[in-house]
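Understanding the architecture of this molecule
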Amino acid sequence: MTAQASAGRRTRLTPERERELFEAVVELLREVGYEALTMDAVAARTRSSKATLYRQWKGKPELVATALRIIKPVSPADIDTGSMAGDLHELVRCHDVDDSKRDQELMRGLAHAAFRNEDLFTALREQLIEPELDSFRALVQRAVDRGELSADNPARDFIPHMLFGSALARPILEGIDADPEFSHRYIDAVVIPALGLSQDS
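Residues numbered from 1 in each chain as written. Predicted model: local features only at pLDDT ≥ 70, side-chain atom pairs only at ≥ 80, totals over all residues. Heavy atoms only, no water.

**Description of the nonpolar core**
Filter applied, for reference: Buried Ala, Val, Leu, Ile, Met, Phe, Trp, Tyr and Cys residues form a nonpolar core when they are joined through side-chain atoms within 4.5 Å. Type-normalised accessible area, obtained with a 1.4 Å probe on protein chains alone, sets the label of each residue: buried when under 20%, exposed when over 50%, and partly exposed for intermediate values. Secondary structure elements are defined from DSSP: runs of H or I of at least 4 residues count as helices, runs of E of at least 2 residues count as strands, and each element is numbered from the N terminus. The contact criterion used is simple: two residues touch if any of their non-hydrogen atoms lie within 4.5 Å.
Counting residues in each nonpolar core, the largest one holds 28 residues, and the members touching the most others are Leu21, Val25, Leu29, Leu63, Val64, Leu68 and Leu110. Among the elements of the structure, helix H2 (15-36), helix H3 (39-46), helix H5 (60-71), helix H7 (97-114) and helix H8 (118-145) are those that each provide at least two residues to this core. Discounting residues that sit within four places of it in the chain, Leu29 has contacts with Tyr34, Leu37, Val64, Leu68, Leu106 and Leu110. Of all hydrophobic cores here, the second largest spans 22 residues; its members include Ile79, Val140, Ile159 and Leu195.

Right under this line is the structure:
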């Protein structure tokens, strides 16, 4: 499908209606998980027809991945506090404790489903993960442009790995979900020193 055709099909829903639909998809994901989520359930929750959903998205994987991207509280590239340390801490502050816990539970379930479903894995890569990585690269590039971060710092490519890895590792190692307090401590103790930044939270 051409870009023009793709854009044309999305004009069938207003931005407000799309936002409402995406919020309903994420709510259903939290309630029943990916495997039990159906297009029928989305249609019923949003008072839409399945035909409308399939005109807008190819199927459940694309709809779910797009909903997760749109409903995210914030993207790293949108945060600019004037320092990279401040940006990283602000990224954590944009998620409260309850949101962080729900997000971790949701992503664990999706990760499990994605390894069993190639279409979901591909949709998440294209619609959610790659845009998020691009957003992190923009945040990093701003720090380089400010002269705050060395362009050849080898740790710069691993910031997402450090942040997401710590959130995934804590439940395994400690039996406790990563919360904002933990994330702030991790940034100060691990990420900022690895990047050679000054403390600025």
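**A short note on the pattern of salt bridges**
Worth spelling out the cut-off: Take a side-chain nitrogen of Lys or Arg and a carboxyl oxygen of Asp or Glu: if they are within 4 Å of each other, that pair is a salt bridge.
Under the defined criterion, the tally for this structure stands at 18 salt bridges. Across the salt bridge formed by Asp80 and Arg142, the nearest N and O atoms sit 3.7 Å from each other. Within this pair, whereas Asp80 is found in the loop between H5 and helix H6 (84-93), its partner Arg142 is found in helix H8, the two being separated by 62 residues in sequence. On the basis of relative accessible area, Arg142 is assigned to the buried category, the value being 19%. Arg108 is the salt-bridge partner of Asp177, the closest N and O atoms lying 3.3 Å from each other. Here the residue Asp177 occupies a position in the loop between helix H9 (159-174) and helix H10 (180-195), and Arg108 occupies one in helix H7, the gap between them amounting to 69 residues. In this structure Asp177 comes out as buried when scored by relative accessible area, which is 18%.

**A look at the packing of aromatic side chains**
Note the following rule: The pairing test for Phe, Tyr and Trp rings, Trp by its six-membered ring, is centres within 6.5 Å, and the orientation test on the planes gives stacked under 30 degrees, edge-to-face over 60, and tilted for anything in between. In this scheme, Lys NZ or Arg CZ marks a charge over a ring once it lies within 6 Å of the ring centre and within 35 degrees of the ring normal.
Within the structure shown, the criterion is met by four aromatic pairs. Between Phe22 and Trp57, the ring centres sit 5.5 Å apart and the planes meet at 65°, which makes this aromatic pair edge-to-face. Separated by 35 residues along the polypeptide, Phe22 in helix H2 and Trp57 in the loop between helix H4 (50-56) and H5 bring together distant segments of the chain. For the pair Phe22 and Trp57, a shared accessibility class is recorded, and that class is buried. Seen from their ring centres, Phe136 and Phe164 are 6.2 Å apart, and the 80° between their planes marks the pair as edge-to-face. Here Phe136, found in helix H8, pairs with Phe164, found in helix H9; they are 28 residues apart in sequence, far enough to count as distant. The class for Phe164 is partly exposed, based on a relative accessible area of 46%. Lys60 extends its terminal NZ or CZ atom over the ring of Tyr34, reaching a point 4.1 Å from the ring centre.

**Topic: the layout of surface pockets**
Stated precisely, the cut-off is as follows: Only protein atoms enter the 1 Å grid, on which a cavity is a set of points fitting a 1.4 Å probe that cannot get out and a pocket is an open set with protein on both sides within 12 Å along at least 5 of 7 lines, lining residues being those with an atom within 4 Å of a point. Grid points are joined across faces, edges and corners, and a volume is the space filled by probe spheres set on the points. The nonpolar class holds Ala, Val, Leu, Ile, Met, Phe, Trp, Tyr, Cys and Pro. Asp, Glu, Lys and Arg form the charged class, and all remaining residues, Gly among them, are polar.
When its volume is computed, the largest pocket comes out at roughly 1600 Å³. Among the elements of the structure, H2, H5, H6, H7, H8, H9 and H10 are those that each provide at least two residues to the lining of the largest pocket. No other element matches H7, which puts eleven residues into the lining of the largest pocket. A breakdown of the residues in the lining of the largest pocket according to their chemical character gives 28 nonpolar, seven polar and nine charged.

**Notes on the confidence of the model for the protein chain**
How we decide: What pLDDT reports is the predictor's confidence in each residue, on a scale of 0 through 100.
Mean pLDDT over the protein chain: 87, with 91% of residues reaching 70 or higher. Considering each helix and strand of the protein chain separately, the mean pLDDT is smallest for helix H1 (residues 3-10), with a value of 42, and largest for H10, with 95. Residue range residues 1-11 is modelled with pLDDT below 50. Its contacts to residues more than four positions away, or to other chains, number eleven contacts.

**Things to note about the packing of H2 against H5**
So the rule is basically this: Throughout, an axis means a line fitted to C-alpha atoms (over the contacting stretch in the case of helices), and angles, computed between N-to-C directions, take values from 0 to 180 degrees. Each angle gets one of four labels, with under 35 degrees taken as roughly parallel, over 145 as roughly antiparallel, 65 to 115 as roughly perpendicular, and the rest as oblique. Should the near helix be turned anticlockwise from the far one by less than a right angle, the crossing is termed left-handed; should it be turned clockwise, right-handed.
The geometry of H2 relative to H5 is characterised by a closest axis approach of 9 Å and an angle of 115° between their N-to-C directions. Between H2 and H5, the angle falls in the class roughly perpendicular. Our pair here, H2 against H5, has a crossing hand that is left-handed. Every residue of H5 that contacts H2 at Arg19, Leu21, Phe22, Glu23, Val25, Val26, Leu29, Tyr34 and Glu35 is listed here: Lys60, Pro61, Leu63, Val64, Thr66, Ala67, Leu68, Ile70 and Ile71. Among the residues forming the contact of H2 with H5, the class breakdown is 13 nonpolar, one polar and four charged.

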